[in-house]
Amino acid sequence: MKIVLASQSPRRKELLGRMGLEFVTQASKIDESAFDGLAARELVATLSREKAQWIARQLDGETLVIGADTVVVRDGAALGKPKDAEDAVAMLLSLSGRDHQVCTGVTVCRGDRVLTQVEETQVTFRELTEAEVRQYVSTGEPMDKAGAYGIQGLGGLLVEGIRGDYSNVVGLPVCRLGQMLKDFGVDCLALAGR
């Protein structure tokens, strides 16, 4: 079965690869701003579905397509990718010493069948100084990441604790996706044993 990941994210590509699947990546061309104003969980579910279905419409009905979208949520407000370095500094300072949630919507579709679910992980940042935040932002790492940090990189130095799926914070909830794929006849553990 051909599998397409509807994303150019190197983090999602790496996580899906670790699941033992052979796949190709293809970016969708949807206007994400058209969905501004949706609550975080609804936003990531909608965007993951739109991305997956946009790709699926370009392909045959036999190809399995996986779409995902991640946001960081602080006090109910979704934080996307920072617009610039000062926006990244402001985001990170607003997360300092506090809990926040990382929500990822995941969609798997094949033909007319579409399954969308949302994973949520709670993350706690330690108290940060403005100097530390500026130093981290100067590395460039935060600039293409929701909430302006990457837990799998230097951003891990900011994280004091986590409750839930670590891979979700990276950008793809591997455990949940594995269960969703089983519903489409793709058993990652069985494939790995071959």
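Values in this document were obtained by computation on a predicted structure and should not be read as measured data.

What counts and what doesn't
Residues numbered from 1 in each chain as written. Predicted model: local features only at pLDDT ≥ 70, side-chain atom pairs only at ≥ 80, totals over all residues. Heavy atoms only, no water. Buried < 20%, exposed > 50% of the residue type's maximum accessible area, 1.4 Å probe, protein only. Helix = DSSP H or I, 4+ residues; strand = E, 2+ residues; numbered from the N terminus. Arc of directions from axis to C-beta. Contact = heavy atoms within 4.5 Å. Phe/Tyr/Trp six-rings, centres within 6.5 Å; stacked < 30°, edge-to-face > 60°. Lys NZ or Arg CZ within 6 Å of the ring centre and 35° of its normal. Salt bridge = Lys/Arg side-chain N within 4 Å of Asp/Glu carboxyl O. Axes fitted to C-alpha atoms, helices over the stretch in contact; angles between N-to-C directions. Parallel < 35°, antiparallel > 145°, perpendicular 65-115°, else oblique. Left-handed = near helix turned anticlockwise from the far one by under 90°. Nonpolar A, V, L, I, M, F, W, Y, C, P; charged D, E, K, R; others polar. Pairing = 2+ DSSP bridges.

Caption draft 1: Looking closely at helix α1 (residues 10-18). Along α1, the residues classified as buried are Arg11, Arg12, Leu15 and Leu16. Each buried residue of α1 lies within a common arc of 125° when the element is viewed along its axis, so the set occupies one face. The exposed residues of α1 that point more than 90 degrees off its buried face are Pro10 and Arg18. Here the buried face of α1 lies against β1 (3-5), β3 (64-74), α5 (166-170) and α6 (174-182). Residue Gly20 follows α1 closely and has a positive phi angle near 85°.

Caption draft 2: Examining the packing of aromatic side chains more closely. Applying the stated rule across the entire model yields one aromatic pair. Seen in terms of ring centroids, Phe125 and Tyr149 are 4.8 Å apart; in terms of plane orientation they differ by 70°. Their pairing is edge-to-face. Here Phe125 is found in strand β6 (residues 113-125), whereas its partner Tyr149 is found in the loop between α4 (130-138) and β7 (159-163), with 24 residues between them in sequence. Judged by its relative accessible area of 1%, Phe125 is buried. Taking the ring centre of Phe184 as reference, the NZ or CZ of Arg113 above it sits at 4.3 Å.

Caption draft 3: Structural view of unusual backbone geometry. Unusually for a residue other than glycine, Asp75 sits at a positive phi of about 50°. Owing to a relative accessible area of 63%, Asp75 belongs among the exposed residues under this scheme. Here Ala148, not a glycine, exhibits a phi torsion of approximately 70°, which is positive. Turning to its location among the elements, Ala148 is positioned in the loop between α4 and β7. By relative accessible area, Ala148 is classed as buried at 0%.

Caption draft 4: Examining the pattern of salt bridges more closely. If you walk through the whole model with that rule in mind, you get 13 salt bridges. The salt bridge involving Arg11 is made with Asp144; its shortest N-O contact spans 3.6 Å. With Arg11 in helix α1 and Asp144 in the loop between α4 and β7, this pair connects stretches of sequence that are 133 residues apart. Residue classification places Asp144 among the partly exposed positions, given a relative accessible area of 34%. Linked through salt bridges whose partners overlap, the residues forming this network are Arg11, Asp144 and Lys145.

Caption draft 5: Representation of the packing of helix α3 (residues 85-95) against α4 within the structure. Contact pair α3 / α4: the axes reach a minimum separation of 10 Å and the direction vectors enclose 135°. Between α3 and α4, the angle falls in the class oblique. Between α3 and α4 lies a crossing of right-handed hand. Residues Ala85, Glu86, Ala88, Val89, Leu92 and Leu93 of α3 form the contact with α4, whose participating residues are Glu130, Val133, Arg134, Tyr136 and Val137. Partitioning the contact of α3 with α4 into residue classes produces eight nonpolar, no polar and three charged.

Caption draft 6: Structural detail: the pairing of β3. When you tally the buried positions in β3, you get eleven out of eleven residues, the bulk of the element. Of the two faces of β3, the one carrying Leu64, Ile66, Ala68, Thr70, Val72 and Arg74 and the one carrying Val65, Gly67, Asp69, Val71 and Val73 are both buried. Sheet analysis places β1 next to β3, joined by three bridges and oriented parallel. If you follow Ile3 over to β3, its bridge partner there is Leu64. Sheet analysis places β3 next to strand β5 (residues 99-110), joined by nine bridges and oriented antiparallel. By the bridge assignment for β5, Ala68 is matched with Val106. Pairing of β3 with strand β4 (residues 77-79), which is carried by three bridges, proceeds in the antiparallel orientation. When the sheet's bridge partners are listed, Arg74 is paired in β4 with Ala77.

Bear in mind that shape data such as this cannot, by itself, settle questions of function.
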